[in-house]
Amino acid sequence: MSAPDVTALLAELERSQPDLAEEARTAVEWLTGGEPLESVTQLDVCEFLWYTLPLKVGPQMTGADQERLAHSLGRLLQLGGMERYAALCVSPTTLQILRTYAREGEDAGTSAYQQALEATGVLPPDVPELQWSMIMGPEELGAHLACSAALELAILAGESIDRAALTRRWLTEPRTDLGGDSWLNRVHGERLNRWVLGRGPARRELAQPFEVRLHAPVTPQPLPALHRLLTLAASEESLPLRLAPSPEALRLRDLAERELGAIKRDGARLAITDYGRRLLESKSAMWTAVTRLLLARGEHEFEVSAREATLMLLADGTLMSPNQLRERVAEVVGGEGWHPATSLEEVARPVTDLVAQLTALGLAFSDELAVRMDRPGQLAALAALRAHALRPRKYVSSA
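Numbering of residues starts from 1 in each chain and follows the order in which that chain's sequence is written. The predicted origin of the model limits local features to residues at a pLDDT of at least 70 and limits the giving and counting of side-chain atom pairs to 80 or more, whereas totals for whole chains, interfaces and linings rest on all residues. Just so you know, side-chain values use all the structure's heavy atoms and leave hydrogens and water out.

Chemist: An account of the overall build of the protein chain is needed here, citing residue identities and associated values.
Modeler: We count a stretch as a helix when DSSP gives it H or I for four or more residues in a row; a strand needs E for two or more, and each element gets its number in order from the N terminus. When its secondary structure is counted, the protein chain shows 20 helices and 5 strands. Taken over C-alpha atoms, the radius of gyration comes to 27 Å for the protein chain, far larger than the 21 Å a tight globule of 399 residues would show. Here the C-alpha coordinates of the protein chain stretch approximately 85 × 50 × 45 Å along the principal axes. With 399 residues in all, the protein chain has 47% of them scored as buried. Contact criterion: two residues are considered in contact whenever any of their non-hydrogen atoms come within 4.5 Å of each other. For the protein chain, contacts bridging at least 24 residues in sequence account for 64% of all contacts bridging at least 6. Of the roughly 20,000 Å² that the protein chain leaves accessible, carbon and sulfur atoms contribute 52%. Note on method: radius of gyration uses C-alpha positions; expected globular size equals 2.2 Å times residues raised to 0.38. Classification of residues uses two cut-offs on accessible area relative to the type maximum, computed with a 1.4 Å probe and protein chains only: under 20% is buried, over 50% is exposed, and between them is partly exposed. Accessible surface is estimated by sampling points in the Shrake-Rupley manner with a 1.4 Å probe; for residues, cover comes only from the protein chains shown.

Chemist: Help me get a handle on the pairing of strand S2 (residues 263-266), residues and values and all.
Modeler: Strand pairing is assigned whenever DSSP identifies at least 2 bridges connecting the two strands. Relative to strand S3 (residues 269-272), S2 runs antiparallel, the two sharing 4 bridges. The partner of Asp266 across the bridge, within S3, is Arg269. Linking S2 to S3, which pair antiparallel, is a turn of 2 residues; within it Gly267 sits at a positive phi near 70 degrees.

Chemist: Summarise the packing of helix H17 (residues 301-314) against helix H20 (residues 375-389); cite the residues concerned and give the values.
Modeler: In contact at an axis separation of 9 Å, H17 and H20 are set at 140 degrees when each is read in the N-to-C sense. For the element pair H17 / H20, the angle class is oblique. For the element pair H17 and H20, the recorded crossing hand is left-handed. Residues Val304, Glu308, Leu311, Met312 and Leu314 of H17 lie in contact with H20, whose contacting residues are Gln378, Ala381, Ala384, Leu385 and His388. Lys, Arg, Asp and Glu make up the charged group, whereas Ala, Val, Leu, Ile, Met, Phe, Trp, Tyr, Cys and Pro make up the nonpolar group; the residues left over, Gly among them, are polar. Taken together, the residues of the contact of H17 with H20 break down into 7 nonpolar, 2 polar and 1 charged. Under this scheme, a helix contributes an axis fitted over its contacting stretch, all axes are lines through C-alpha atoms, and angles between N-to-C directions fall in the 0 to 180 degree range. Should an angle fall under 35 degrees it is taken as roughly parallel, and over 145 as roughly antiparallel, whereas 65 to 115 is taken as roughly perpendicular and any remaining angle as oblique. Each crossing is labelled by how the near helix is turned from the far one, with a counterclockwise turn of less than a right angle marking it left-handed and a clockwise turn marking it right-handed.

Chemist: Report on the packing of aromatic side chains, specifying residues and quantitative values.
Modeler: For Phe, Tyr and Trp, rings pair up if their centres lie within 6.5 Å, where Trp contributes its six-membered ring, and each pair is then called stacked (planes under 30 degrees apart), edge-to-face (over 60) or tilted (otherwise). The tally for this structure, following the rule as stated, stands at 1 aromatic pair. Ring plane angle 35 degrees and centroid distance 5.3 Å describe the contact between Tyr51 and Tyr113, whose orientation is recorded as tilted. Of this pair, Tyr51 sits in helix H3 (residues 42-57) while Tyr113 sits in helix H7 (residues 106-120), placing them 62 residues apart in sequence. Just above the ring of Trp170 sits the side chain of Arg175; from NZ or CZ to the centre is 3.8 Å. It is Arg203 that lies over the ring of Trp195; its NZ or CZ is 4.8 Å from the centre. Definition used: whenever NZ (Lys) or CZ (Arg) falls within 6 Å of the ring centre and also within 35 degrees of the ring normal, the charge is taken to sit over that ring.

Chemist: Run through helix H1 (residues 6-16), naming residues and quoting values.
Modeler: Within H1, the full set of buried residues consists of Val6, Leu9, Leu10 and Leu13. Looking straight down H1, one finds its buried side chains confined to an arc of 100 degrees; they lie on one side. Counted as exposed and oriented over 90 degrees from the buried face of H1: Thr7 and Arg15. Its buried side turned inward, H1 meets helix H2 (18-32) and helix H4 (63-79). The N-capping residue of H1, defined by a side-chain oxygen 2.9 Å from the backbone nitrogen of Thr7, is Asp5. Our arc is simply the arc of the directions from the helix axis toward the C-beta atoms. Here a polar contact means two N or O atoms within 3.5 Å. Within protein one must be a hydrogen donor candidate and the other an acceptor candidate, and residues neighboring in sequence count only if both atoms are side-chain atoms.

Chemist: I'd love a proper account of the packing of H17 against helix H19 (residues 344-360), names of residues and values included.
Modeler: The contact between H17 and H19 brings their axes to 9 Å, and the two run at 55 degrees. Considering their axes alone, H17 and H19 lie oblique with respect to each other. Handedness of the crossing formed by H17 with H19: right-handed. The segment H17 lies against H19, with Phe302, Glu303, Ala306, Arg307, Thr310 and Leu311 engaging Glu346, Val347, Arg349, Pro350, Val351, Asp353, Leu354, Gln357 and Leu358. By residue class, the composition of the contact of H17 with H19 is 8 nonpolar, 2 polar and 5 charged.

Chemist: Can you tell me about the nonpolar core, naming the residues and giving the values?
Modeler: Among buried residues, those of type Ala, Val, Leu, Ile, Met, Phe, Trp, Tyr and Cys that are joined through side-chain atoms within 4.5 Å constitute a nonpolar core. Core analysis: the largest hydrophobic core is formed by 66 residues, its most contacted members being Trp195, Leu226, Leu260, Leu311 and Val329. Setting aside residues up to four positions removed in sequence, Val329 forms contacts with Ala306, Ala309, Thr310, Leu313, Gly334, Val347 and Val351.

Right under this line is the structure:
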């Protein structure tokens, strides 16, 4: 049975408890956003009471006024037969969170809200296929709400649920209400489109062909050079520090030790770490670790943009001179709005470092005259770009 019309409920509340009607009207408009009341989920109610109410609806209200507004909403939901949601409005948890905001400030209140929301069990967890964004587009928000509603129904049915398994199933299964598409496919498409429409016309033109190419996962490839190095480090003889005389071998050893943490110094030798053993045992894990390293987060955003442009320019196996590559990267990154104007000197370091990484890993050929990726290198570029494009959106302070 669908919930009664909001207008009718407000009219009934106006007759029975006119002192609550105006607050209830304000609350339900924020809660539903104009959608039917029956579309509201437990997650919607909790997020309104524990986040939207104290921070957006009533930041100028007293704590008592916020509690009164929550009580008014609860009375409206009770009239609509939504007893479980009405109880949330006057629950000890809601009162405690609102009072935490009032007495201890936004950070403490937000922390209490997040802990309480996690405890409900209706918050979809991150899964291997998808880490949820802090800033969601329409498709991701729809997927998040759909997964939350599925979790809520399972809890109400008294099922013993694996939240991650249920979330994965809800995300990946084709759905008739999506025309046979899956929520995961929708979210990936949205993120890829957002990535393509990044800053600057030159960047958009370069990225546009990749929107389709990056939709499908890239099959992990073997990485013989790194595999040999880790195999040697795992042997009983360990790995002498002075084993690698060539620049490429030295760069590979440095990458394995400092950037991957796959080997470590043991006296005068290098030995494999536990993480390195896991990489050695799994081609997929090694591939994922290496390709994500190519656009490692935590670097300055300018450097990531330069490395990203480099991978896009080389991803088709195009043969370019080092100078030509730097000029094209400077053109692309310079159009993204960086200040001061991007120069060849500014892009030289991230481009040169990336090419050195690729060469050491056996994924590219480079010398003073030319740079080119072979097929494994092209696939590594696509895998790195895909992981970067599909990453969750976070607030700047949390990136």
